[in-house]
Amino acid sequence: MPTWILKFSLAAFIIIVGCSTVLTVFAGNENDLLPGGKIAVSDGDTLWSISVDYKPESMDTRVYIEAIKQVNQLQSTTIRAGQVLVLPQISQ
């Protein structure tokens, strides 16, 4: 078997498992994700620091980061000062 097929299969497997884990941890559907308030990103802010400040107390920070990315249609965790983010409000 060519090595490129093996590498491609391994990469696809890792992506599928990673996405499945995020969806399993979130364990909700799009109807559970409601738009919340908006914030302007300040110098030094990261998705982690924003999530720690605004996430529900019982929620894992990584899950809230993924929710922020989903609501704001972010492809990565990179944010910049002045950017306005919608904070998701998770229904209980």
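Conventions used here
- Residues numbered from 1 in each chain as written.
- Predicted model: local features only at pLDDT ≥ 70, side-chain atom pairs only at ≥ 80, totals over all residues.
- Heavy atoms only, no water.
- Buried < 20%, exposed > 50% of the residue type's maximum accessible area, 1.4 Å probe, protein only.
- Helix = DSSP H or I, 4+ residues; strand = E, 2+ residues; numbered from the N terminus.
- Arc of directions from axis to C-beta.
- Salt bridge = Lys/Arg side-chain N within 4 Å of Asp/Glu carboxyl O.
- Contact = heavy atoms within 4.5 Å.
- Patch = residues over 30% accessible without salt bridge, like charges linked within 9 Å, V, L, I, M, F, W, Y side chains within 5 Å.
- Areas by Shrake-Rupley, 256 points an atom, 1.4 Å probe, with all protein chains shown as cover.
- Axes fitted to C-alpha atoms, helices over the stretch in contact; angles between N-to-C directions.
- Parallel < 35°, antiparallel > 145°, perpendicular 65-115°, else oblique.
- Nonpolar A, V, L, I, M, F, W, Y, C, P; charged D, E, K, R; others polar.

Peer 1: Would you mind going over helix α2 (residues 47–54) with me for this structure?
Peer 2: Given 3.6 residues per turn, any residue in an α-helix points the same way as the ones three and four places further on. Along α2, the residues classified as buried are Leu47, Ile50 and Ser51. One side of α2 carries all its buried residues, which in axial view fall inside an arc of 100 degrees.

Peer 1: Teacher, can you tell me more about the pattern of salt bridges here?
Peer 2: Oppositely charged side chains can form a pair if their charged atoms are brought close together. According to the stated counting rule, one finds two salt bridges in the structure shown. In this structure, Asp60 engages Arg62 in a salt bridge whose closest nitrogen and oxygen atoms are separated by 2.8 Å. A relative accessible area of 32% means that Asp60 is categorised as partly exposed. Where Lys69 meets Glu66, a salt bridge forms, and the shortest distance between an N and an O atom there is 3.6 Å. Of the two residues, Lys69 and Glu66 are both situated in helix α3 (residues 61–71); the distance of three residues between them amounts to about one turn of the helix.

Peer 1: Explain the environment of Ser51 to me, please; I cannot follow it from the model alone.
Peer 2: With respect to the helices and strands, Ser51 occurs in helix α2. Under the relative-accessibility criterion, Ser51 is labelled buried at 0%. Residues Ser51 and Ala67, 16 residues apart in the sequence, show an inter-C-alpha distance of 9.6 Å. Setting aside its immediate chain neighbours within four residues, Ser51 contacts Thr61, Tyr64, Ile65 and Ile68.

Peer 1: What is the right way to read α3 from this model?
Peer 2: Buried residues of α3: Thr61, Val63, Tyr64, Ile65, Ala67, Ile68 and Lys69, and no others. Backbone geometry just downstream of α3 places Gln73 in the positive-phi region, at approximately 55 degrees.

Peer 1: Any chance you could explain a nonpolar patch on the surface here in plain terms?
Peer 2: Together, Trp4, Ile5 and Phe8 line one region of the surface with nonpolar side chains, adding up to about 370 Å² of accessible area. Examined against the element boundaries, Trp4 turns out to sit in helix α1 (residues 3–26). Classification of Trp4 as exposed rests on a relative accessible area of 59%.

Peer 1: How should I be thinking about the side chain of Gln83 in this particular structure?
Peer 2: Topologically, Gln83 is positioned in the loop between α3 and β2 (84–90). When neighbours within four sequence positions are excluded, Gln83 is seen to be in contact with Ile39, Ala40, Val41 and Leu74.

Peer 1: Is there a simple way to think about the packing of α2 against α3 in this case?
Peer 2: If you want to describe how two helices pack, look at the angle between their axes and the distance between the axes. Axis separation between α2 and α3 bottoms out at 9 Å; the angle between their running directions is 110 degrees. With respect to α3, the element α2 is oriented roughly perpendicular. On the side of α2, the interface is formed by Leu47, Trp48, Ile50, Ser51, Val52 and Tyr54, while α3 contributes Thr61, Arg62, Tyr64, Ile65, Ile68 and Lys69. Its residues assigned to classes, the contact of α2 with α3 shows eight nonpolar, two polar and two charged.

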